[in-house]
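Each chain is listed here by its residues.
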Amino acid sequence: MLIPTHSLLAGLLLVLCAQGASVADDPRCSFETEALVAWDRARHDSDASQTARGSEVDAWNDYVAAKAEARRQLVTGLESVAQQANKDKAYLQRDLTYELLLTLQPDHAQARKTLGFKNRKGEWTRSRPYRTPTDKNPAKAIASLEAREDLISGHRESRVQLIDDAHANLSPEAWRSEVDALLAEDLDDPFLRGLLGQVATEGTGRIRWILAETQLARAFRDRLEGLMETEQPAALAARIDEATPRDFETQVTWSAVRRGGGLTVLSAHSAEEAERHVRLANGIWLWLPRLLGGEAARPADLRLYLMTPGAEIETLVQACPDISPTDRLRASHQATAELGAGSRFGVFSDSEVERRERAAHWHIDAYLMRAYGLTAPPAWLGQGLRAYVSERFVGSRLSLDSKTVDRSTTGTPSWVKGMRETRPRKRRTMIQLARRMLDAEQAPLLDDLLTRPAEDFTVEDTLLAYALIAYLIEGHGPVVLDPIVRSITSGADPVSGIALAHQQRALESGLDVTLSALQLRVHEWVDEMQR
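Here goes a summary of the coordinates provided. Quantities reported herein were computed from a predicted structural model and do not represent experimental measurements. (Residues numbered from 1 in each chain as written. Predicted model: local features only at pLDDT ≥ 70, side-chain atom pairs only at ≥ 80, totals over all residues. Heavy atoms only, no water.)

Structural notes on unusual backbone geometry
With a phi close to 55°, K121 is a non-glycine residue in the positive phi region. Mapped onto the elements of the fold, K121 is located in the loop between β1 (117-120) and β2 (123-126). In the Ramachandran plot, D512 falls in the positive-phi region, its phi being about 55° despite a non-glycine side chain. Checked against the element boundaries, D512 lands in the loop between α20 (500-511) and α21 (515-529). Judged by its relative accessible area of 72%, D512 falls in the exposed class. (Helix = DSSP H or I, 4+ residues; strand = E, 2+ residues; numbered from the N terminus. Buried < 20%, exposed > 50% of the residue type's maximum accessible area, 1.4 Å probe, protein only.)

Structural data, given as structure tokens:
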């Protein structure tokens, strides 16, 4: 295969050089000195981390050595081509070959001498202007050109093979930098793009490459919007618009009642609030099974009471003993397991946002238990699903509207300011905020997120959980997501919950990618979804 000489020269000038690698500093581990068990666990984790980093360094050194050997073979081959071209009086091809050699070995003596350079005090200079020679033997010149291009093509193929072989051993960052170096020579190399999980998009002009998950997500959103336009109105059709003076069970006066999808919402506040709760419940009980691929889990005749704390609570609690008027309403595992026809629960708060926030918590936990038997879901799974459903089906950012905590130590970052924006045209979507947050220096990491309890979640954690859930739902779909959730479920422990190692295995085996590589992939996906 013939490759244009100027393209090869430009590519090799850019990237044919040895590259170093930085090894991350040892991670800090915290433990209580008085707890010997905790100390042993921390030491074990530290030793394992050191071993993993040592293996990564060894893999990098092996890769660098193999790449250097491939380059040495290229240099030897080019020397041979240049010498033969000189014998064949193909002088232009000889000099072009030597110019290429200088990009690989700047102090190559024969190349410098042939091209008219002299070394004066450590610097290569020419005493007179260089004059481009001509090929005296055209037939031999063509043979010399083909031999040089065959060497370059073979060298590139060997480097691509090295990249492919090193995928499982190098860190995601080091591996990606090597792939990008090769792409600098040929942006549209289909094999390298395939290694990155990218596909070509249709359009005019130059080929544009995006993640396969981005292509799937865009198609998914189009289908989902069409589905909601046709089915959401029907799900909300069975509703009562007028206020109900007195509920026969609670003897409380309600200002609005809404029904839809097996849920009855009785609100002591506004009809709009009641309808938002119906939409939220429908999103979880009707739509979430389709998104996750799990079995339908919607209970029949579920009743939700929305009230402000006050004297009427006692009446409501006496009439419905299974209602909890606590500030942090979360249904108990037993109550969730028995959820069925005629079940009811209440949400009490002075704030409409807080009422929806707590109801969303309850709905998600109840759904996960009914569909998957997950009695203690990891916080990221519940928080991410709640944030995704509330925005996608209700149009609200529940998990962000009630929290403004961030870990920044250098002032309020721009993405937090965008989160607090209230003007409709300036108000950012969750995916836009997630992109800004992930670009920040102190963005949370997935291995921290997987074990963080819900009470310690910050806005950053919620945005990362949302990004991960959106990536799984939209970029992969139920065929991939459902087995992951079920695998996580199988590792649940009634006391200690679900360990990081088990969640990590579920994600890595389900997606065929390491956790650190998944972090980079989610970041890239979020970025592409906003282009």
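Moving on from the model shown.
Side note on the nonpolar core
Across soluble globular proteins, nonpolar side chains have a tendency to be buried as a group. Core analysis: the largest hydrophobic core is formed by 79 residues, its most contacted members being W380 and Y388. In terms of residues, this core owes the most to one element, helix α18 (residues 459-475), which gives 12 residues. Beyond its immediate chain neighbours, meaning those up to four positions away, Y388 contacts F220, L224, L291, Y466, I469, A470, I473 and E474. Membership of the second largest hydrophobic core comes to 16 residues, among which are Y63, A166, V179 and L182. (Core = buried A, V, L, I, M, F, W, Y, C linked by side-chain atoms within 4.5 Å. Contact = heavy atoms within 4.5 Å.)

Topic: the side chain of E357
On the secondary structure map, E357 appears in helix α12 (residues 352-372). Judged by relative accessible area, E357 falls into the buried class, the value being 7%. One polar contact links E357 to R386, side chain to side chain, over a distance of 2.3 Å. (Polar contact = N/O pair within 3.5 Å; in protein donor to acceptor, adjacent residues only side chain to side chain.)

Description of helix α13 (residues 379-394)
In a regular helix each residue adds 1.5 Å, so 16 residues correspond to 22 Å; α13 covers 21 Å between its end C-alpha atoms and thus fits that length. Taken across its 16 residues, α13 has 15 buried, putting it largely inside the fold. Positive backbone phi, at 80°, marks G395, one or two positions downstream of α13. (Expected span 1.5 Å × (residues − 1).)

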